[in-house]
Amino acid sequence: MSAGPQLVLMDQKQAGTPKLRHQPPTSRFWESVTILHRRRTTVIAVFATLAILVHLVLRFVLRTPAGMQQMPLLATLVFGGIPLVYELTRNLLRREFGSDLLAGISIVTSVLLHEYLAGSIVVLMLSGGEALENYALRNASSVLRALAKRMPAIAHRKRDSVIVDVALDEIAVGDTLVVYPHDICPVDGTVIDGHGVMNEAFLTGEPFEITKAPGSTVISGAVNGESALTITATRCAVDSRYAKIMEVMRESEQNQPHLRRLGDQLGAIYTPVAVTIAVLAWVVSGEAVRFLAVLVIATPCPLLIAIPVAIIGSVSLAARRSIVVKNPAVLEQITECRTAIFDKTGTLTYGEPKLTEQLIAPGFAQKEVLTLAASLELYSKHPLARAILAAAKAERFHLQQASHVSEPPGQGLRGTVGGHDIQITSRGKLLSQKTPGAEHLPPIAGGLECIVVIDGKFAATFRLRDAPRVEGRSFIQHLGPKHQFQRIMILSGDRESEVRYLAEQVGITEIHAEQSPEQKLAIVRQETAAAKTLYVGDGINDAPAMMAATVGMAVGQNSDVTAEAADVVAMENSLKKVDEFMHISRRMRSIALQSAVGGMLLSVGGMMFAAAGFLAPVAGAISQEIIDVLAVLNALRAAFPPKVISDMAEPT
């Protein structure tokens, strides 16, 4: 028998895949009940539509007795009206006076006055509006859900040369796993056997393949290449990178849009006006039916439907522009931001430094140093690694395979290449280690640098520069005139000389350099207390500061949906996406207010007709439906791109 690994095929129960286990009929029944309860407004809306259609057929086609005609409408008021009124009553007792209060009063009044058709239409309007809003919110994070679907259901665990498929929740830290070719990595881990590449572009949208060897780290969600890799799990599935995406997805679905609360604020003015008109119509005419007619046409569906439609349309438009809106509330807030704070690396720069100088120490050759350094940098995803690799590729040097690769935090990159021990580290680390040859270390200069140590001796200093984004100056210059920003600053942990160099390139005068994460957080809190702030960073290292800002936006090649602090994630490497988001937000607010206020004004006009006796309750309900359609049609414009979605000047 072969001594190699054996693949053990197990049934679903042994493999521990809960989703495929047999469920008893009672469990399936209660699961169905739960789903129906969660979508009860949709069920009520469908039931009300069918009931109204049946009523119309019985009344105008079959011409049945009046009692039979009313049966479907009574069923609607019992099945749909009672739950809706009960929910509104609970909100009322909690002193939550929403814009849908008028609808509840209309339903109760229609029953008391035996205007069952009018009441049923109000049930349809109210449940239909809520169903549409719930549907829209469920789909707000469709981009994130599409990412989450890629997560594998099982992992291949290896124990004593036997490979067994297990559920992700059974994986423990320290388990040995095999990632087959083209598999998606199930958890974060470290390679212990095999050489290959992994594509980590599942968030950036750009090809970003990283070479893997023993000692390299792998992240969950990365797609393996042509070779099988054996890894040790360093995190459980629930703590891994990809699990964070699903957490963000759930949070995104639960976020209630801020403009929905604006609808309630408008309703707080609108509701007393409508009730006053309805009461006056009843008192002056002496006809209670006029009270109902006014309330039916006053039902504020433009607030209940049009505003969520505008919000979700804008979220959808942003997603098509590679902008993921995790918190819909920022669509309103960003229009009020007056201070813009930018991270430096990867935000105002490309995050892709270029190797500009190679200062080789005595006793070493430039070709040997660059070849060995680039061979080791194959296993790193640090921005400086790509610069060194690009330089070696430009000179057509033949790279070698490394072994025993490690990259401890703050320690630099270590490994063995061609029998040589290689370390790529910083100036401070080199001096603290008292490395032989350190006396040849050149003086500090502008830009970035890394130190190469070969076989324990200082070998070279590589100097690099990170270029500003080509659109950086035009973007910064247009923020004040076009978006009313009053202060613009750079907040960075880099050296002051490097930050000031960039600031001059893009046209920013206020900088804060050499700031620790704690100092960044304090500055952002201070600025946010004075005025609403927009913080734009790479979404990973800026999390504390991003959370403290009014709006946090992640942009650049390091944009990561797992940055829980970011409200918005631009998945394309361009500052133009920040400008596009601001335009989408401003347009959304304008369209939402047009739809809501315009619908309310039309409703007030209809109320006047109803108060004068020109509109019966059913006619009022139909008129309100027409107003709703007009408001929603206008709100739908938010989902379509405008003629101008960015007004920054094209870079020259």
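Placed above this text is the structure.
The notes below deal with the structure included here. Owing to the predicted nature of the structure, the values given are computational and were not obtained by experimental measurement.

### Observations concerning the overall build of the protein
Here is step 1: A count of helical and extended segments in the protein gives 21 helices and 23 strands.
Here is step 2: Counting every position in the protein, which comprises 652 residues, the buried fraction comes to 49%.
Here is step 3: Sequence separation of 24 or more characterises 69% of the internal contacts of the protein that already satisfy a separation of 6 or more.
Here is step 4: Put simply, the protein shows about 29,800 Å² of open surface, and 60% of that area lies on carbon and sulfur atoms.

### Here's the deal with unusual backbone geometry
Here is step 1: Residue Ser161 is not a glycine yet carries a positive backbone phi of 65°.
Here is step 2: One can find Ser161 in the loop between β2 (154-159) and β3 (162-167).
Here is step 3: Assessed through its relative accessible area of 35%, Ser161 is described here as partly exposed.
Here is step 4: Of note in the backbone geometry, Arg396 takes a positive phi value of approximately 60° without being a glycine.

### Concerning the side chain of Ser646
Here is step 1: Mapped onto the fold, Ser646 is located in the segment after α21 (617-635).
Here is step 2: By relative accessible area, which is 18% here, Ser646 ends up buried.
Here is step 3: Apart from residues no more than four positions distant in its own chain, Ser646 is found in contact with Lys576, Asp579, Glu580 and His583.

### Examining a nonpolar patch on the surface
Here is step 1: A cluster of nonpolar side chains, contributed by Val46, Leu50, Leu53, Leu56, Val57, Phe60, Val61 and Leu62, occupies part of the molecular surface with about 740 Å² of accessible area.
Here is step 2: Position of Val46 relative to the elements: it lies in helix α3 (residues 40-61).
Here is step 3: Taking the relative accessible area as the measure of exposure, Val46 reaches 46% and is therefore partly exposed.

### Notes on the packing of aromatic side chains
Here is step 1: Taken as a whole and assessed by the stated rule, the structure comprises 4 aromatic pairs.
Here is step 2: Seen from their ring centres, Phe47 and Phe79 are 4.6 Å apart, and the 50° between their planes marks the pair as tilted. Of the two residues, Phe47 sits in helix α3 while Phe79 sits in helix α4 (residues 66-93), which places them 32 residues apart along the sequence.
Here is step 3: Aromatic side chains Phe342 and Phe475 sit 5.9 Å apart centroid to centroid with 85° between the ring planes, which places their arrangement in the edge-to-face category. Of the two residues, Phe342 is situated in strand β12 (residues 339-342) and Phe475 in helix α16 (residues 472-483); the sequence distance between them amounts to 133 residues.
Here is step 4: Judged by its relative accessible area of 0%, Phe475 is buried.
Here is step 5: Above the face of the Tyr501 ring, Arg465 is positioned so that its terminal group lies 4.3 Å from the ring centre.

Rules used throughout
- Residues numbered from 1 in each chain as written.
- Predicted model: local features only at pLDDT ≥ 70, side-chain atom pairs only at ≥ 80, totals over all residues.
- Heavy atoms only, no water.
- Helix = DSSP H or I, 4+ residues; strand = E, 2+ residues; numbered from the N terminus.
- Buried < 20%, exposed > 50% of the residue type's maximum accessible area, 1.4 Å probe, protein only.
- Contact = heavy atoms within 4.5 Å.
- Areas by Shrake-Rupley, 256 points an atom, 1.4 Å probe, with all protein chains shown as cover.
- Patch = residues over 30% accessible without salt bridge, like charges linked within 9 Å, V, L, I, M, F, W, Y side chains within 5 Å.
- Salt bridge = Lys/Arg side-chain N within 4 Å of Asp/Glu carboxyl O.
- Phe/Tyr/Trp six-rings, centres within 6.5 Å; stacked < 30°, edge-to-face > 60°.
- Lys NZ or Arg CZ within 6 Å of the ring centre and 35° of its normal.

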